[in-house]
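Given next are the chains, with one letter for each unit.
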Amino acid sequence: MEKEEYLDLYHQMVLIRRIEEAAALLYQEGKIGGFLHLYIGQEAVSTGLISARLPQDRVITAYRDHGVAINCGVSADMVMAELLGKVTGTSHGKGGSMHMADVHKNFWGGHAIVGAHLPIAAGLALGDQYKGRNGVTICMFGDGATNIGYFHEALNLSKVWNLPVLWVCENNQYGMGTAVDRASAVSEIRQKAEGYCIPNERVDGMDIIKVRQAAERLLADIRSGKGPYFLEVETYRFSGHSMGDPERYRKQDEVKRWEENDPIGIYDHYLTSNKIAEEAELDQIDQKVAAEVQASIQFAETSPEPEPADLYKHVYFDK
Amino acid sequence: MARITMREAISRALWEEMERDPDVFIMGEEVGVWGGSYAVTKGFYDHFGEKRVRDTPISESTIIGAAIGAALTGLRPVAELMTINFAFSAMDHIVNQAAKLHYMFGGQMTLPLVIRTVGGGGRQLGATHSQTPDAVFAHFPGLKVVAPGTAEDAKGLLKSAIRSNDPIFFIEHATLYQVRGEVPDGDYTIPIGKSKVHREGKDVTIVTYSKMLETSTKAAEQLAATGIEAEIIDLRTLRPLDMEPVLASFRKTNRAVIVEEGWRSFGVGSEIASRIYEEAFDYVDAPIQRVAQKEVPLPYNRTLEQLALPQVEDVIQAVKEVL
Ligand SMILES: Cc1ncc(C[n+]2csc(CCOP(=O)(O)OP(=O)(O)O)c2C)c(N)n1
Ligand SMILES: [Mg+2]
C-alpha cells in the first residue's frame with residue numbers, strides 16, 4: 001500500500017466512528033427514528049475487507065450498514081440524509097438506517113431480516129458467474145445469522161454451484177443479548193463452513209492490516225475460480241445492539257477489555273510506530289473528519305423531506 | 001391457431017423466451033434432468049444445457065433468494081417452486097425481499113423476476129399439498145400475482161411476465177395442465193393487470209379466475225339452457241387488480257357472484273365484493289354472493305375433498321340466490 005492509501009483507511013475508520021457517534025446524538029434528539037445499530041468497534045472489519053475489493057466486486061451486508069456504506073464510497077452526506085429520512089439519502093428516505101444501498105458503487109444493501117441476504121448474495125454471484133464477469137460478491141453477516149436456515153442453504157448452494165462469494169461472518173460475540181456459545185452448537189463459527197466443504201479461516205477483526213491481508217488473498221483465490229470461501233472475523237461492538245439496549249447480558253469489564261483493543265487505536269499505533277504517518281498527520285485527519293461530519297449533518301438537516309407523491313413511487317418498475 | 005394443452009402453452013412460452021433472450025434462465029427443484037415435476041420443462045435441459053436449466057437443492061428460500069440476487073444483476077430468472085405449498089418456506093424472500101427491494105432502496109434495484117408455481121386442490125394429495133392460497137400472495141404491494149385460466153392467456157401472460165421488470169408470482173393450476181385451448185401461433189403477449197370479459201351475458205356477473213373459470217363456464221352453460229345469461233369476468237391478474245371490466249359488467253347486470261377455489265374468509269371474493277360495494281353501490285340489486293372452498297384443511301378422501309371444493313352446482317345455486 002502507498003502512504004496515501006494507509007491514510008485513506010484511517011480516514012474511513014475515523015469517519016465511521018464519528019458518524020456513528022453523531023447518529024447516536026441525533027437519535028437521542030429524536031431526529032432519527034426507528035432502529036439504529038452502530039458499527040463502533042467493528043470499523044476495521046469492513047474497512048479492511050472492502051479496501052481490498054476491485055470495483056467489480058459487490059458488497060452486501062445486514063442492517064449494521066452505515067460503515068459499510070462509507071467504505072463502499074457512499075458520502076457521509078447521503079448516509080446522514082438517509083438516517084434523517086430525507087429525499088437526498090441513499091434510498092431517498094424510504095429505507096432508513098437498516099436499508100442503505102448504492103448499486104452504482106456496487107453496494108447492494110443493507111438488509112434487515114437476519115440471514116435473508118445470504119441467498120441474495122449467492123444470486124448476485126451467480127449473475128457474475130453466468131455472464132463470465134470476474135467479480136466477487138462479499139457477503140457480510142453476524143454470528144447470529146449463522147443459526148438461521150438461510151445461511152445453511154446459501155452456503156450449500158454456493159459450493160454446489162462454485163459461486164464466487166466471500167462469506168464474511170462478523171463474530172462480535174453476541175446476537176442481540178445472546179452470546180455465541182448460548183446459540184451456536186459450534187464455538188468457532190468457521191467450523192460451520194466445514195459442513196459444506198468450504199475452505200475457511202479466522203482472523204483478528206480489531207487489526208485492519210490482518211483483515212486487509214486476508215481479504216486480498218481470499219478475493220484473489222475466489223477470482224481465480226476456486227469457489228466460495230468463508231472468513232470468520234473476530235470483533236466486538238462497543239455500543240449496545242441498538243439504541244436503548246440495557247446491556248444486561250455482558251459485564252462492563254468485558255467491554256472495557258475489548259475497548260483496550262480499539263481498532264482505531266491499534267491502527268494509529270501501527271501507522272506511527274512503523275513510521276508510515278506522524279501523529280500530527282493523523283490529528284489533521286481527525287479534524288477533517290469532524291468538519292465532514294458537521295457538514296453532513298448540515299446537509300441532512302437542510303435537505304428536503306420526500307413529497308407526499310413519493311409515497312406511491314417505486315412500488316413497481318413497469319408502468 | 002393450434003389447440004394445445006395449458007402445459008404445452010406454458011412450456012412454449014418458456015422455450016420461446018429462452019430462445020429470444022440469453023439472460024432468461026430457469027432454476028428450481030427437478031426442472032432439469034427430471035424435466036419438471038409437471039413435465040413443463042421436458043426437453044429443456046438437453047436443449048439449453050445446465051447453465052440455463054438449473055436444478056437446485058431443496059432450498060426454497062434460497063431458490064427465491066438467489067433468483068432475486070441474479071435478477072438484481074440484470075438476469076431474468078424464472079424460479080420454479082415445485083408447488084405453492086412450498087412457497088411458505090420461501091415466504092420471507094417473496095414478501096420481505098422480492099416485494100420490497102425496488103421500493104425500499106428508492107428505486108435503484110430492479111427485479112425482473114418470475115416465480116412460477118403450481119397450486120390447487122382436487123387431486124387427493126391431502127391438506128399440505130392441495131392449497132389455493134392465491135389471496136395470501138395478492139396481499140403484498142410490490143408483488144404482481146398472475147393466475148391464468150386458459151392456455152392462450154397462460155402463454156401470453158407468462159411471456160409478459162418474463163419481459164417485465166417487476167417480481168411476478170405466476171400461479172398455474174395443477175388440474176388445468178391437461179386442458180386444451182386455442183392458442184395463437186408464434187409470439188404474442190397479454191398484458192399483466194388486465195381483467196377480461198370471458199363470456200358475455202346480461203343477467204348476472206360471475207367474477208372468477210384460474211381453475212374456477214372452467215367451473216364457472218360450465219355453470220354458465222347450464223344456466224343458459226334455462227334462459228339465464230351469465231357474464232363471466234376472468235381476472236387473470238390478482239394484483240394489480242383491474243376492476244374496470246368487473247364494474248362495467250356489474251353496472252349492466254346489477255348482480256354478482258364471485259367464484260374462487262381458495263377459502264372464503266379474507267379471500268379474493270371478499271376483496272372484489274367490497275370493491276363493487278364501494279365503487280358501484282347504486283347499482284346493487286341483490287347481496288353479492290361468494291362461492292369458495294369450505295373452511296377446512298382439504299381432506300384426502302375423494303368425497304370429502306369434492307365436498308370442500310367449489311362445484312358447478314354451487315355456482316348455479318349462488319346465481320339463483322342473486323336473481
Ligand atoms: C429473521 C429475523 N429474526 C430476528 C430478527 C431480530 N434481530 C435483529 S438483529 C438480531 C441479532 C442478530 O445478531 P448477529 O447476526 O450476530 O448480528 P449483530 O447484530 O451482532 O451485528 C435479531 C435477533 C430479525 N431482524 N430477523
Ligand atoms: Mg453478532
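A few points on the structure. This structure is a prediction, so every number in the text was calculated from the model and none was measured.

**Quick word on the overall build of chain B**
Move 1: Summing up its helical and strand segments, chain B has 12 helices and 14 strands in all.
Move 2: Taken against the 2.2 N^0.38 rule, which gives 20 Å for 323 residues, the C-alpha radius of gyration of chain B at 19 Å falls within 12% of a compact globule.
Move 3: Counting only C-alpha atoms, chain B reaches 55 × 45 × 40 Å along its principal axes.
Move 4: By residue count, 63% of the 323 residues in chain B fall in the buried class.
Move 5: Surface accessibility of chain B: about 11,700 Å² in total, with carbon and sulfur atoms responsible for 52%.

**A closer look at the overall build of chain A**
Move 1: Of the regular secondary structure elements, chain A holds 12 helices and 8 strands.
Move 2: Whereas a compact globule of 319 residues would reach a radius of gyration of roughly 20 Å, chain A reaches 19 Å, a difference of no more than 12%.
Move 3: Reported as C-alpha extents along the three principal axes, the dimensions of chain A are approximately 60 × 50 × 45 Å.
Move 4: Accessible surface, chain A: about 12,900 Å² in total, of which carbon and sulfur atoms supply 52%.
Move 5: Side-chain charges of chain A comprise 32 positive and 46 negative groups, with the mean position of each set lying 5 Å from the other.

**Section: the packing of helix H1 (residues 3–28) of chain A against helix H9 (residues 208–226) of chain A**
All names here are of chain A.
Move 1: In the contact formed by H1 and H9, the axes pass within 12 Å of each other and the chain directions differ by 115 degrees. Considering the angle they form, H1 stands roughly perpendicular to H9. Regarding H1 and H9, the two cross each other, and that crossing is right-handed. Contact residues: H1 offers Glu5, Tyr6, Leu9 and Met13, while H9 offers Ile208, Ile209 and Arg212.
Move 2: Per-class residue counts for the contact of H1 with H9 are 5 nonpolar, no polar and 2 charged.

**Quick look at the nonpolar core**
Move 1: Among the nonpolar cores identified, the biggest contains 82 residues, and Trp167(A), Phe230(A), Ile94(B), Phe169(B) and Ile276(B) are the most heavily contacted of them.
Move 2: Per-domain counts for this core show at least three residues from each of domain 1 (2–183) and domain 2 (196–322) of chain B.
Move 3: Aside from chain neighbours lying at most four places away, what touches Ile94(B) is Ile64(B), Leu81(B), Ala87(B), Ala99(B), Ile115(B), Phe137(B), Leu143(B) and Phe169(B).

**Looking at the sheet that holds strand E12 (residues 237–239) of chain B**
All names here are of chain B.
Move 1: The mixed open sheet is built from 7 strands, whose spatial order is E3-E2-E4-E5-E7-E6-E12. Single-partner strands in this sheet number two, and they are strand E3 (53–55) and E12. Each strand of the sheet is rotated relative to its neighbour by a mean of 20 degrees, with strand direction disregarded.
Move 2: Bridge count between strand E4 (residues 76–81) and strand E5 (residues 114–119): 4 bridges; the pairing is parallel. By the bridge assignment, Val78 is partnered in E5 with Val114.

**Re the coordination of the magnesium ion (ligand 2)**
Ideal geometry at a metal centre gives angles of 109.5 degrees when four donors are arranged tetrahedrally and 90 or 180 degrees when six donors are arranged octahedrally.
Residue and element names in this part refer to chain A.
Move 1: Those protein atoms acting as donors to the magnesium ion (ligand 2) are Asp143 (OD), Asn172 (OD1) and Tyr174 (O), and they sit at 2.1 Å.
Move 2: The motif formed by the donor residues of the magnesium ion (ligand 2), counted along the single chain, is D-x28-N-x1-Y. Separated by 31 residues along the polypeptide, Asp143 in the loop between strand E3 (137–142) and helix H6 (149–160) and Tyr174 in strand E5 (residues 174–175) bring together distant segments of the chain. Tyr174 carries the same exposure label as Asp143, and that label is buried.

**Some details on the pairing of strand E10 (residues 204–208) of chain B**
Residues and elements named next belong to chain B.
Move 1: A large share of E10 lies buried, amounting to 5 of its 5 residues.
Move 2: The alternating pattern of E10 places Val204, Ile206 and Thr208 and Thr205 and Val207 on opposite faces, both of which are buried.
Move 3: Two elements, E10 and strand E11 (residues 230–234), share 5 bridges in a ladder whose sense is parallel. Across the sheet, residue Thr208 finds its bridge partner in E11, namely Asp234.
Move 4: Remark: the E10/helix H8 (residues 211–225)/E11 crossover connection has right-handed handedness.

**Quick word on the side chain of Arg237(A)**
Residues and elements named next belong to chain A.
Move 1: Secondary-structure assignment places Arg237 in the loop between strand E8 (229–234) and helix H10 (252–259).
Move 2: Notably, Arg237 is buried but unbridged: the nearest opposite-charge side chain belongs to Asp245, and the N-O separation is 4.2 Å.
Move 3: A distance of 3.2 Å separates the side chain of Arg237 from the backbone oxygen of Ser239, its partner in a polar contact.
Move 4: Among the polar contacts listed, one links the side chain of Arg237 to the side chain of Tyr249, at a separation of 2.9 Å.
Move 5: Discounting residues that sit within four places of it in the chain, Arg237 has contacts with Ile40, Gln42, Arg64, Asn172, Tyr174, Met176, Asp245, Tyr249 and Arg250.

**Quick word on helix H11 (residues 263–273) of chain A**
Residue and element names in this part refer to chain A.
Move 1: Taken as a whole, H11 has its buried residues at Pro263, Ile264, Tyr267, Asp268 and Leu271. Each buried residue of H11 sits inside an arc of 135 degrees when the element is viewed along its axis, so together they form one side.
Move 2: Packed against the buried residues of H11 are H1, helix H2 (43–51), H9 and helix H12 (279–302).
Move 3: Capping of H11 at its N-terminal end is provided by Asp262; its side-chain oxygen lies 2.7 Å from the backbone amide nitrogen of Ile264.
Move 4: Once H11 finishes, Lys275 follows within two positions and takes phi at roughly 60 degrees, a positive value.

Reading the values: rules and limits
- Residues numbered from 1 in each chain as written.
- Chains lettered and ligands numbered in written order.
- Predicted model: local features only at pLDDT ≥ 70, side-chain atom pairs only at ≥ 80, totals over all residues.
- Heavy atoms only, no water.
- Helix = DSSP H or I, 4+ residues; strand = E, 2+ residues; numbered from the N terminus.
- Rg over C-alpha atoms; globule rule 2.2 N^0.38 Å.
- Buried < 20%, exposed > 50% of the residue type's maximum accessible area, 1.4 Å probe, protein only.
- Areas by Shrake-Rupley, 256 points an atom, 1.4 Å probe, with all protein chains shown as cover.
- Lys, Arg positive; Asp, Glu negative; His and termini not counted.
- Charge placed at Lys NZ, Arg CZ, Asp CG, Glu CD.
- Axes fitted to C-alpha atoms, helices over the stretch in contact; angles between N-to-C directions.
- Parallel < 35°, antiparallel > 145°, perpendicular 65-115°, else oblique.
- Left-handed = near helix turned anticlockwise from the far one by under 90°.
- Contact = heavy atoms within 4.5 Å.
- Nonpolar A, V, L, I, M, F, W, Y, C, P; charged D, E, K, R; others polar.
- Core = buried A, V, L, I, M, F, W, Y, C linked by side-chain atoms within 4.5 Å.
- Domains from an automatic or database assignment.
- Pairing = 2+ DSSP bridges.
- Donors = N, O, S within 2.8 Å, 3.2 Å for Na, K, Ca; no water.
- Right-handed = clockwise from strand over helix to strand, strands pointing away.
- Salt bridge = Lys/Arg side-chain N within 4 Å of Asp/Glu carboxyl O.
- Polar contact = N/O pair within 3.5 Å; in protein donor to acceptor, adjacent residues only side chain to side chain.
- Arc of directions from axis to C-beta.

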